[in-house]
Amino acid sequence: MWQPEPEPDPVPAWFKPWRTPSAETVREIFHAEEAQDLTPDQRERWRAAAFSEIGVEYDFDTINITAVRRKVSA
């Protein structure tokens, strides 16, 4: 009698390779000295290019990070 092959056990997520850039890499892109003197739009385009070089899609038009840059007054 024919029996189907057993399904393989799912691989836990921690066994799979990490597919996103490290926090250190992202910090290097966001704090790059060569982008600091650019206008905000130029800086976002520079970041998008830097991320694309490492294979990450960075959609700067839809990312609103200005809210986290507010200055807190004491």
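(A) Representation of the overall build of the protein. When helices and strands are tallied, the protein shows 2 helices and 0 strands. Counting the 74 residues in the protein, one finds 14% classified as buried. In the protein, of all internal contacts separated by at least 6 residues, the share reaching a separation of at least 24 is 25%. Of the roughly 7100 Å² that the protein leaves accessible, carbon and sulfur atoms contribute 55%.

(B) Local environment of helix α2 (residues 40-53). An ideal rise of 1.5 Å per residue puts 20 Å on 14 residues; α2 measures up with 20 Å between its terminal C-alpha atoms. All buried positions along α2 are accounted for by Arg43, Glu44, Arg47, Ala48, Ala50 and Phe51. Along the axis of α2, the buried positions cluster into a sector of 165 degrees, meaning they face one direction only. Those residues of α2 that are exposed and angled more than 90 degrees off the buried face are Asp41 and Glu53. Tucked inside the fold, the buried residues of α2 contact α1 (23-30). In the stretch just after α2, Gly55 is the one whose phi turns positive, near 85 degrees.

(C) The arrangement of the pattern of salt bridges in detail. Evaluation of the coordinates by the stated rule reveals 1 salt bridge. For Glu44, the salt bridge is made with Arg47, and the minimal N-O distance between the two is 2.7 Å. One end of the pair, Glu44, and the other, Arg47, are both in helix α2, 3 residues apart, so they sit about a helical turn from each other. For the residue pair Glu44 and Arg47, the accessibility class agrees, reading buried in each case.

(D) Expanded view of the environment of Ser22. Tracing the backbone through its elements, the reader meets Ser22 in the segment before α1. The class of Ser22 is partly exposed, set by a relative accessible area of 35%.

(E) Broad picture of a nonpolar patch on the surface. On the surface, Val11, Trp14 and Phe15 cluster together into a nonpolar patch covering about 430 Å² of accessible area. Within the secondary structure, Val11 sits in the segment before α1.

(F) Just the packing of α1 against α2, in detail. Orientation of α1 relative to α2, taken along the N-to-C sense of each, is 145 degrees, at an axis distance of 10 Å. The element α1 and its partner α2 pack so that their crossing is right-handed. Together, Val26, Ile29 and Phe30 of α1 and Trp46, Arg47, Ala50 and Phe51 of α2 make up the contact between the two elements.

Definitions and limits used
Residues numbered from 1 in each chain as written. Predicted model: local features only at pLDDT ≥ 70, side-chain atom pairs only at ≥ 80, totals over all residues. Heavy atoms only, no water. Helix = DSSP H or I, 4+ residues; strand = E, 2+ residues; numbered from the N terminus. Buried < 20%, exposed > 50% of the residue type's maximum accessible area, 1.4 Å probe, protein only. Contact = heavy atoms within 4.5 Å. Areas by Shrake-Rupley, 256 points an atom, 1.4 Å probe, with all protein chains shown as cover. Expected span 1.5 Å × (residues − 1). Arc of directions from axis to C-beta. Salt bridge = Lys/Arg side-chain N within 4 Å of Asp/Glu carboxyl O. Patch = residues over 30% accessible without salt bridge, like charges linked within 9 Å, V, L, I, M, F, W, Y side chains within 5 Å. Axes fitted to C-alpha atoms, helices over the stretch in contact; angles between N-to-C directions. Left-handed = near helix turned anticlockwise from the far one by under 90°.

Shape is all these values report; function is a separate question.
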